[in-house]
Amino acid sequence: AQKITQTQPGMFVQEKEAVTLDCTYDTSDPSYGLFWYKQPSSGEMIFLIYQGSYDQQNATEGRYSLNFQKARKSANLVISASQLGDSAMYFCAMREFAGNMLTFGGGTRLMVKP
Amino acid sequence: ETGVTQTPRHLVMGMTNKKSLKCEQHLGHNAMYWYKQSAKKPLELMFVYSLEERVENNSVPSRFSPECPNSSHLFLHLHTLQPEDSALYLCASSQGTGARNTEAFFGQGTRLTVV
């Protein structure tokens, strides 16, 4: 069973607007961490933001924020004021406390229009 | 620049060749990983090394052979590959493996094409 699901294969957003990328996850471990990575066309995976399962507040890092809804098992990434350089693949990932694995979703390709 | 360097960036090899991918990190991390990224498939974890010992092997065919001589270097030795092994191979490192808040730092990947 897939542990991380990203239901949007591709998304368009107008420059300077906000966009939400969806991520749902499945785990029975009460302690886990959720991550978002950006992958530009050059290939490298760039860490964006982290949310712990016990964190009381939603994580924020600059223009990135994470809309964490624990009961619904969702961890959506919100990018505010989109820029052309935000065009890339975005991956949601999870690490359970008990495991060695950082498990990734299938990714969402974001395209920012000028 | 994430501190994780992979070489080569691109590799084309025949099915009978033997080649190696190299990964190097100078972040002081003690865990290193190989991931495979194929078109239209989620990122797949292949191997995990913690303190130079393999702690995870995700049912990877024996034609892929990892080697971790020290905590800064990780190799993936390739032999008799198949065309379906063509993919982007990503190396990553992290400080530890069990902590839930341990993000991984990735290299730029090696784009492998098997002909």
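An account of the accompanying structure is given in this report.

## What about the pattern of salt bridges?
Stage number 1. Per the counting criterion, the structure on display carries 5 salt bridges over all chains.
Stage number 2. Here Glu-96 of chain A makes a salt bridge to Lys-3 of chain A, at a shortest N to O gap of 2.9 Å. On the criterion of sequence distance, the pair formed by Glu-96 of chain A in strand 10 (residues 88–96) and Lys-3 of chain A in the segment before strand 1 (4–5) is long-range, its members being 93 residues apart.
Stage number 3. Judged by relative accessible area, Lys-3 of chain A falls into the partly exposed class, the value being 32%.
Stage number 4. One salt bridge connects Asp-85 of chain B with Arg-63 of chain B, and the closest N-O pair in it is separated by 2.7 Å. With Asp-85 of chain B in the loop between strand 8 (73–79) and strand 9 (87–94) and Arg-63 of chain B in the loop between strand 6 (53–57) and strand 7 (64–70), this residue pair connects regions lying 22 residues apart in the sequence.

## Thoughts on the interface of chain A and chain B
Stage number 1. Taken together, the contact pairs 27 residues of chain A with 26 residues of chain B.
Stage number 2. Of the roughly 2000 Å² buried where chain A meets chain B, counting both sides, 53% is carbon and sulfur surface.
Stage number 3. One can count 0 salt bridges joining chain A with chain B.
Stage number 4. Counting every contact that joins chain A to chain B gives 4 residue pairs in polar contact (both at pLDDT 80 or more).
Stage number 5. Elements with a minimum of two residues in the side of chain A that touches chain B: strand 5 (32–39), strand 6 (46–52), strand 10 and strand 11 (102–104) of chain A.
Stage number 6. Sorting elements by how many residues they give to the side of chain A that touches chain B places strand 5 of chain A first, with 5 residues.

About the thresholds
- Residues numbered from 1 in each chain as written.
- Chains lettered and ligands numbered in written order.
- Predicted model: local features only at pLDDT ≥ 70, side-chain atom pairs only at ≥ 80, totals over all residues.
- Heavy atoms only, no water.
- Salt bridge = Lys/Arg side-chain N within 4 Å of Asp/Glu carboxyl O.
- Helix = DSSP H or I, 4+ residues; strand = E, 2+ residues; numbered from the N terminus.
- Buried < 20%, exposed > 50% of the residue type's maximum accessible area, 1.4 Å probe, protein only.
- Contact = heavy atoms within 4.5 Å.
- Buried area = accessible area lost by both parts, 1.4 Å probe.
- Polar contact = N/O pair within 3.5 Å; in protein donor to acceptor, adjacent residues only side chain to side chain.

Geometry only, nothing functional implied.
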